[in-house]
Amino acid sequence: AIPLLYPPYEQEGRVIVDAAVATQLPVWLVSGQEQYLPIVAIAPMKPRQMDRPQSLPTYIETLLNAGVKARDHYQFAQIPRLRLIEIPTGNIDPLAFNLSFQERRS
């Protein structure tokens with residue numbers, strides 16, 4: 001989900017927020033299930049960004065993403081039965097909802 005497109009809102013006395021602010025993979029939701037069951041998380045492998053952010057919003061986004069990724073990495077290390085599978089996706093824009101069949105296949 002994209003936090004800027006789905007801002008927090010209040011419903012029945014609760015504030016609902018996009019989970020991407022806290023984690024990219026909410027594996028903690030299933031960590032309370034039977035201990036013998038494995039947990040498999042599939043995520044896109046993002047290329048490392050080596051360029052400096054060119055704007056303040058991009059800089060802030062980079063900082064937030066780094067914090068979320070560090071928290072996720074720590075949390076994953078606490079769940080020994082978790083297997084993270086990262087799939088290379090190249091530089092596909094997360095807002096590209098109109099990919100051709102060939103682009104999706106690739």
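Residues numbered from 1 in each chain as written. Predicted model: local features only at pLDDT ≥ 70, side-chain atom pairs only at ≥ 80, totals over all residues. Heavy atoms only, no water.

Student: What am I meant to see in the overall build of the protein chain here?
Tutor: Within the protein chain one finds two helices and four strands. Counting from the amino terminus, the protein chain carries its helices and strands in the arrangement β-β-β-α-β-α. Across the 106 residues of the protein chain, 13% fall into the buried class. Summarising the internal contacts of the protein chain: among those between residues at least 6 apart in sequence, 67% fall at separations of at least 24. (Helix = DSSP H or I, 4+ residues; strand = E, 2+ residues; numbered from the N terminus. Buried < 20%, exposed > 50% of the residue type's maximum accessible area, 1.4 Å probe, protein only. Contact = heavy atoms within 4.5 Å.)

Student: Help me understand helix α1 (residues 56-77) in this model?
Tutor: Residues that lie three or four places apart on an α-helix share one face, since the helix turns once every 3.6 residues. Its 22 residues give α1 an end-to-end C-alpha distance of 32 Å, which sits within 8% of 32 Å, the value for a rise of 1.5 Å per residue. Listing the buried residues of α1 in full gives Val 68, Asp 72, Gln 75 and Phe 76. Along the axis of α1, the buried residues cluster in a sector spanning 90 degrees; they form a single face. In α1, the exposed positions that point more than 90 degrees away from the buried face belong to Leu 56, His 73, Tyr 74 and Ala 77. (Expected span 1.5 Å × (residues − 1). Arc of directions from axis to C-beta.)

Student: Is there a simple way to think about the side chain of Arg 81 in this case?
Tutor: Considering the arrangement of structural elements, one finds Arg 81 in the loop between α1 and β4 (82-88). Of the buried charged residues, Arg 81 lacks a salt bridge, with Glu 34 as the closest side chain of opposite charge at 8.1 Å. Excluding anything up to four places from it in sequence, Arg 81 contacts Val 30, Ser 31, Gly 32, Gln 33, Glu 34, Gln 35, Leu 37, Pro 38 and Ile 39. (Lys, Arg positive; Asp, Glu negative; His and termini not counted. Salt bridge = Lys/Arg side-chain N within 4 Å of Asp/Glu carboxyl O.)

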